[in-house]
Amino acid sequence: MGVSVYTVVYLEVESLKASSAEAKNDVDDRVNKLLLGLGKFNVDEKNVSASSISTAPEYSFGDNEKRVLDGYRASRNLKVTLNNLEHLNAFMDFALSVQLDEITRVELKSSKEAELKNEARALAVADAKERGSLLANAFGATIGKIYSIGSSTDDSIGRYGANNGIERIGSRMGKPQVTGQYLQENMVFSASISVVFDLDVK
């Protein structure tokens with residue numbers, strides 16, 4: 001089975017109204033409009049997380065630094081997984097058209113992410129051994145037992161072609177000035193470790 005690439009889109013919707021109930025209803029209405037339109041992007045319920053909501057009073061300071069209640073803000077975060085990268089641009093346009101306030105993040109993912117991260121880590125270990133041996137040989141020694149191993153860092157980078165700066169596209173900012181081409185569905189996985197070897201001096 002091959003490696004499939006998919007996209008996770010994080011969205012935020014919020015509303016400021018006179019009461020917390022009004023703000024919540026406004027947010028829920030816009031989220032429901034998004035959920036109703038997901039079928040055309042081949043997204044089912046298991047690929048959507050939209051369960052939490054928060055409400056809080058919002059204040060400003062008026063004359064004499066007196067705190068004034070402006071209303072109640074409700075906010076809700078969503079996570080939508082798109083299995084077809086070709087739907088990304090149309091989905092973002094649709095999300096903004098139903099007045100979701102912001103697309104906060106877009107992540108490229110792989111179906112074999114854990115396996116590929118493990119492979120990158122194994123290559124980092126092999127590289128550390130090879131470099132250690134070369135340096136030890138340069139000083140007339142060989143590497144011995146491992147003295148310590150530092151924490152490893154794993155990274156993955158998703159590449160979307162020309163448009164890699166697509167975080168925080170907001171409906172309040174007007175129509176996003178991007179060409180909508182998200183073409184290169186490739187990822188780079190990397191790992192790094194630090195290791196200290198004992199030296200066996202000849």
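Refer to the structure printed above.
Residues numbered from 1 in each chain as written. Predicted model: local features only at pLDDT ≥ 70, side-chain atom pairs only at ≥ 80, totals over all residues. Heavy atoms only, no water.

Enquirer: Sorry if this is basic, but what is going on with the overall build of the protein chain here?
Expert: A tally of regular secondary structure across the protein chain gives three helices and ten strands. Ordered by position from N to C terminus, the α and β elements of the protein chain give β-α-β-β-β-α-β-α-β-β-β-β-β. In the protein chain, buried positions account for 32% of the 202 residues. Looking at the protein chain alone, contacts between residues at least 24 apart form 80% of all its contacts between residues at least 6 apart. Accessible surface computed for the protein chain: about 12700 Å², of which carbon and sulfur atoms make up 49%. (Helix = DSSP H or I, 4+ residues; strand = E, 2+ residues; numbered from the N terminus. Buried < 20%, exposed > 50% of the residue type's maximum accessible area, 1.4 Å probe, protein only. Contact = heavy atoms within 4.5 Å. Areas by Shrake-Rupley, 256 points an atom, 1.4 Å probe, with all protein chains shown as cover.)

Enquirer: Would you take a moment to explain the packing of aromatic side chains for this structure?
Expert: Think of a pair of aromatic rings as described by two things: how far the centres are apart, and how the planes are tilted against each other in angle. Scanning the model with the defined rule gives two aromatic pairs in all. Taking the centre distance of 5.5 Å and the plane angle of 85° together, the rings of Phe41 and Phe91 count as edge-to-face. With Phe41 in the loop between helix 1 (20–36) and strand 2 (48–49) and Phe91 in helix 2 (residues 88–97), this residue pair connects regions lying 50 residues apart in the sequence. In this structure, Phe41 and Phe91 share a single accessibility class: buried. (Phe/Tyr/Trp six-rings, centres within 6.5 Å; stacked < 30°, edge-to-face > 60°.)

Enquirer: Help me out: how do you make sense of the nonpolar core in this one?
Expert: Across soluble globular proteins, nonpolar side chains have a tendency to be buried as a group. Val9, Leu11, Leu34, Leu78, Val80, Leu82 and Phe91 are the most contacted members of the largest nonpolar core, which totals 29 residues. Listing elements by their share of this core, those giving two or more residues are strand 1 (5–17), helix 1, strand 4 (67–82), helix 2 and strand 5 (102–110). The dominant element in this core, judged by the number of residues it contributes, is helix 2, at six residues. With residues near it in sequence (within four places) discarded, Leu34 still touches Leu78, Phe91, Phe94, Ala95, Val98 and Leu100. (Core = buried A, V, L, I, M, F, W, Y, C linked by side-chain atoms within 4.5 Å.)

Enquirer: Mind showing me how you'd approach the side chain of Asn47 here?
Expert: As for its placement among the helices and strands, Asn47 is situated in the loop between helix 1 and strand 2. For Asn47, a relative accessible area of 16% translates into the label buried. In contact with Asn47, not counting residues within four places along its chain, are Lys79, Val80, Thr81 and Asn83.

Enquirer: Could you clarify how one ought to interpret helix 2 in this entry?
Expert: The periodicity of an α-helix, 3.6 residues per turn, causes residues three or four places apart in sequence to face the same way. Taken as a whole, helix 2 has its buried residues at Leu88, Phe91, Met92, Phe94, Ala95 and Leu96. One or two positions beyond helix 2, positive phi appears at Gln99, with a value near 70°.

Enquirer: Honestly, the pattern of salt bridges in this entry has me stumped. Any pointers?
Expert: When charged atoms on two side chains of opposite charge get close, those side chains can pair. Applying the stated criterion across every chain, the model contains nine salt bridges. A salt bridge links Glu14 to Arg73; the shortest N-O distance between them is 3.4 Å. One end of the pair, Glu14, is in strand 1; the other, Arg73, is in strand 4, with 59 residues separating them in the sequence. Taking relative accessible area as the criterion, Glu14 reaches 15% and is therefore assigned buried. Of the residues examined, Arg73 reaches a relative accessible area of 24% and is grouped as partly exposed. Taking the shortest distance from any N to any O, the salt bridge between Lys24 and Asp28 comes out at 2.6 Å. Of the two residues, Lys24 and Asp28 are both situated in helix 1; the distance of four residues between them amounts to about one turn of the helix. A network of salt bridges, in which partner residues are shared, links Glu14, Glu58 and Arg73. (Salt bridge = Lys/Arg side-chain N within 4 Å of Asp/Glu carboxyl O.)

Enquirer: What am I meant to see in the environment of Asp28 here?
Expert: Residue Asp28 is classed as buried on the basis of its relative accessible area, which comes to 15%. Sequence separation of Asp28 and Ser75 is 47 residues, and the distance between their C-alpha atoms is 9.4 Å. Excluding residues within four positions of it along the chain, Asp28 makes contact with Ile53 and Arg76. A distance of 2.6 Å separates a polar atom in the side chain of Asp28 from a polar atom in the side chain of Lys24. (Polar contact = N/O pair within 3.5 Å; in protein donor to acceptor, adjacent residues only side chain to side chain.)

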